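Chain by chain, the residues:
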Amino acid sequence: MWLSSKKQTKKPPNVQPETSLLRLYHRFRALDRNKKGYLSRVDLQQIGALAVNPLGERIIDSFFPDGNLRVDFPGFVRVLAHFRPVDDDDSGMRDPKQPEPLNSRMNKLRFVFQLYDLDRDGKISRHEMLQVLRLMVGVQVTEEQLESITDRTVQEADEDGDGAVSFLEFTKSLEKMDIEQKMSIRILK
């Protein structure tokens, strides 16, 4: 119930990172209709995959940390990197001295956790879980069913009994999910 998304196919092996970056730059420029050199919330709301995603507004919020009202191209790429599928070829090839890529399992989990942790206190409370689940299911279930799902989800993940889900508890609850491939958004179209 944490995250649902369709599995993305891998990019063709002949696509170079520079080509992908160039395509992202063209997408950024296309979204920047007024040629301001930055994107606003309104610009990002043009992305179809975000418009239909129940967490789309929360994802858009992630482009604007600390109350910023605009995102430049490097910031745009930084957030989108979380949604890039992981290449099977990259596993085990990373230099341990280098930072983890933004699309690593742990960074994807951190990103998703922040979508739920609305008050950014490092825990997902029952109230926060309920708010996010409301966004995800809409009117498809009754309020009573939604509260039951929320209670069960928090109870199953909450190992220390504090009534909230910490990041560690969150990662444990999703350890069997293939988040590396499931958490992706097609942004280049």
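Before any of the text, the structure's been laid out above.
Quick look at the structure, then.

What counts and how
- Residues numbered from 1 in each chain as written.
- Predicted model: local features only at pLDDT ≥ 70, side-chain atom pairs only at ≥ 80, totals over all residues.
- Heavy atoms only, no water.
- Salt bridge = Lys/Arg side-chain N within 4 Å of Asp/Glu carboxyl O.
- Helix = DSSP H or I, 4+ residues; strand = E, 2+ residues; numbered from the N terminus.
- Buried < 20%, exposed > 50% of the residue type's maximum accessible area, 1.4 Å probe, protein only.
- Polar contact = N/O pair within 3.5 Å; in protein donor to acceptor, adjacent residues only side chain to side chain.

1. Observations concerning the pattern of salt bridges
Once their charged atoms are close, side chains differing in charge can pair, the charge on each being opposite to the other. Following the criterion strictly, the structure yields 11 salt bridges and no others. Across the salt bridge formed by D32 and K36, the nearest N and O atoms sit 3.4 Å from each other. Across the pair D61 and R41 runs a salt bridge whose closest N-O atoms are separated by 2.6 Å. With D61 in helix 4 (residues 56-61) and R41 in helix 2 (residues 41-44), this residue pair connects regions lying 20 residues apart in the sequence. Connected through shared salt-bridge partners, R41, E57, R58 and D61 make up one network.

2. Section: the side chain of H82
Within the fold, H82 resides in the loop between helix 5 (73-80) and helix 6 (105-116). For H82, a relative accessible area of 12% gives the class buried. Within the structure, H82 has its side chain in polar contact with the backbone oxygen of V79 (distance 3.1 Å).

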